[in-house]
Number of protein chains: 2
Amino acid sequence: MLKEISIGEAAKRSGVKVPTIRYYEQIGLLAAPARTDGNRRHYEDTDIRRLAFIRHARELGFEIDAIRTLLHLQDDPNQPCETADGIANARLVEVEQRIRSLNALKAELELMVEGCRHGKVGECRVIEILADHGKCAHPHH
Amino acid sequence: MLKEISIGEAAKRSGVKVPTIRYYEQIGLLAAPARTDGNRRHYEDTDIRRLAFIRHARELGFEIDAIRTLLHLQDDPNQPCETADGIANARLVEVEQRIRSLNALKAELELMVEGCRHGKVGECRVIEILADHGKCAHPHH
DNA sequence: GCTACATGCTCTAGTGACTAGAGGAGCAAG
DNA sequence: CTTGCTCCTCTAGTCACTAGAGCATGTAGC
């Protein structure tokens, strides 16, 4: 007979922490599992896969609501995948934007650190650049 | 005589929203300004600069606590700027790390979107990749 | 002076996505 | 049988705001 999967075991296998699993159940992202006699949750393999799916999507920066939609799609494999495609595309655009602004920021931070000649704060470029946005190398953020 | 700067005007000039300015006052990031007869806040140019400083630092991803430290440094320009330099440097390392992981993520999202042939969800790569981490292009996240 | 209406005030509560802790029960090993 | 781990529920806290209620004040047109 199969050993039942406890919440701790589910956490280990899926990479989602125990309180987070309970939280996902609470917000309806994961169905409430069956309980043992002692009122403990026990999970099936499908639950583990669902949790891994959620974890992966969270790591990719998808919001819970987007994940909810993706999970609905997954549950009904005959739907056209345009919705999923759209969600992933929107996220891609976001990520590209974020990379651009982080690159601008990196240039600026390098300028700051480089400009700091370890003197007094009065001549420190970190403070100076932060105080005056006009001194930014890339002022478009 | 100078026109007094209202909170709304301060918001416009600094780029920090009105409720956020009040919030910054509440958490002690910005000193409580003088009030008019009618109990309205009015600001000085130094306050506007401080707000712009905060806004800029927030955009650069500095946390409020780091900003608080930077502001203390700014208030006392005879301190060595190593502390400010250290904060900026730590932030630079973070930003570089974040750019790297976002690039990995971008690759993965592109793979997903590209792989989606606008068919049914059953064969959708977006769903598939999310469900199985092993399919990632860059599995190191 | 009167009437709108914008802007300001304080206060409380809500957001997202968890995380931490209290206080107790169940369970396996020695 | 006791020790210690995992589990249970419940509430409250985190960060950096944001939203809204219910009032007071200021300003522009008539």
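Everything here concerns the structure above.
A quick note: this is a predicted structure, and the numbers were derived from the prediction, not measured. (Residues numbered from 1 in each chain as written. Chains lettered and ligands numbered in written order. Predicted model: local features only at pLDDT ≥ 70, side-chain atom pairs only at ≥ 80, totals over all residues. Heavy atoms only, no water.)

### Brief notes about the overall build of chain A
At step 1: Assigned secondary structure in chain A consists of 6 helices and 2 strands.
At step 2: Along chain A, from the amino end to the carboxyl end, the secondary structure elements read α-α-β-β-α-α-α-α.
At step 3: Counting only residues that meet the buried cut, chain A has 39% of its 141 residues in that class.
At step 4: Pairs at least 24 residues apart make up 42% of the contacts formed inside chain A by residues separated by at least 6 positions.
At step 5: Just so you have it, chain A exposes about 7900 Å², and 49% of that area is on carbon and sulfur atoms. (Helix = DSSP H or I, 4+ residues; strand = E, 2+ residues; numbered from the N terminus. Buried < 20%, exposed > 50% of the residue type's maximum accessible area, 1.4 Å probe, protein only. Contact = heavy atoms within 4.5 Å. Areas by Shrake-Rupley, 256 points an atom, 1.4 Å probe, with all protein chains shown as cover.)

### With respect to the protein's contact with DNA strand D
At step 1: Around DNA strand D, the structure places 17 residues, and the nearest of them are Gly8, Arg22 and Arg41 of chain A together with Tyr24 and Arg58 of chain B.
At step 2: Backbone atoms, meaning sugar and phosphate, form 80% of the atoms of DNA strand D found within 4 Å of the protein.
At step 3: Take Arg22 of chain A: an N or O atom from its side chain is 2.3 Å from a phosphate oxygen of DNA strand D.
At step 4: Counting residues per element, the ones that place at least two in the surface near DNA strand D are helix 1 (7-14) of chain A together with helix 2 (18-26) of chain B. (Near = heavy atom within 4 Å. Polar contact = N/O pair within 3.5 Å; in protein donor to acceptor, adjacent residues only side chain to side chain.)

### Concerning helix 3 (residues 45-59) of chain B
Every α-helix carries 3.6 residues per turn, so stepping three or four residues along brings you back to the same face.
Residue and element names in this part refer to chain B.
At step 1: Taking 1.5 Å per residue as the helical rise, helix 3 with its 15 residues ought to reach 21 Å, and the 21 Å between its terminal C-alpha atoms agrees with that figure.
At step 2: Along helix 3, the residues classified as buried are Asp47, Ile48, Leu51, Phe53, Ile54, His56 and Ala57.
At step 3: Among the residues trailing helix 3, Gly61 stands out with phi positive, at a value near 90°. (Expected span 1.5 Å × (residues − 1).)

### Some thoughts on unusual backbone geometry
Residues and elements named next belong to chain A.
At step 1: At Asn39, a position not held by glycine, the phi torsion is positive, near 70°.
At step 2: Relative to the elements of secondary structure, Asn39 occurs in the loop between strand 1 (34-35) and strand 2 (41-42).
At step 3: With relative accessibility at 52%, the residue Asn39 sits in the exposed group.

### Examining the packing of aromatic side chains
Residue and element names in this part refer to chain B.
At step 1: Enumeration over the complete set of coordinates arrives at 2 aromatic pairs over all chains.
At step 2: Ring geometry for Tyr23 against Tyr24: centres 5.8 Å apart, planes inclined by 45°, an arrangement best described as tilted.
At step 3: Owing to a relative accessible area of 41%, Tyr23 belongs among the partly exposed residues under this scheme.
At step 4: Residue Tyr24 is classed as buried on the basis of its relative accessible area, which comes to 7%. (Phe/Tyr/Trp six-rings, centres within 6.5 Å; stacked < 30°, edge-to-face > 60°.)

### Some words on the pattern of salt bridges
At step 1: Per the stated rule, a full pass over the model turns up 10 salt bridges over all chains.
At step 2: With a closest N to O distance of 2.7 Å, Arg41 of chain A and Glu25 of chain A form a salt bridge. On the criterion of sequence distance, the pair formed by Arg41 of chain A in strand 2 and Glu25 of chain A in helix 2 (residues 18-26) is long-range, its members being 16 residues apart. Both residues of the pair, Arg41 of chain A and Glu25 of chain A, belong to the buried class.
At step 3: The salt bridge partner of Glu9 of chain B is Arg13 of chain B, with a shortest N-O separation of 3.0 Å. Placement of the pair is Glu9 of chain B and Arg13 of chain B together in helix 1 (residues 7-14), with a separation of 4 residues, close to one helical turn.
At step 4: For Arg13 of chain B, a relative accessible area of 48% translates into the label partly exposed.
At step 5: Through salt bridges that share partners, Glu9, Arg13 and Asp45 of chain A make up one connected network. (Salt bridge = Lys/Arg side-chain N within 4 Å of Asp/Glu carboxyl O.)

### Focus on the protein's contact with DNA strand C
At step 1: As a structural note, the neighbourhood of DNA strand C is formed by 17 residues, with Tyr24 and Arg58 of chain A together with Gly8, Arg22 and Arg41 of chain B the closest of them.
At step 2: Within the side chain of Thr20 of chain A, an N or O atom sits 3.2 Å from a phosphate oxygen of DNA strand C.
At step 3: Within the residue set of the surface near DNA strand C, elements represented by two or more residues are helix 2 of chain A together with helix 1 of chain B.
At step 4: The leading source of residues in the surface near DNA strand C is helix 2 of chain A, at 3 residues.
At step 5: Partitioned by chemical class, the residues of the surface near DNA strand C number 4 nonpolar, 5 polar and 8 charged. (Nonpolar A, V, L, I, M, F, W, Y, C, P; charged D, E, K, R; others polar.)

Any link to function would need more than the numbers given here.
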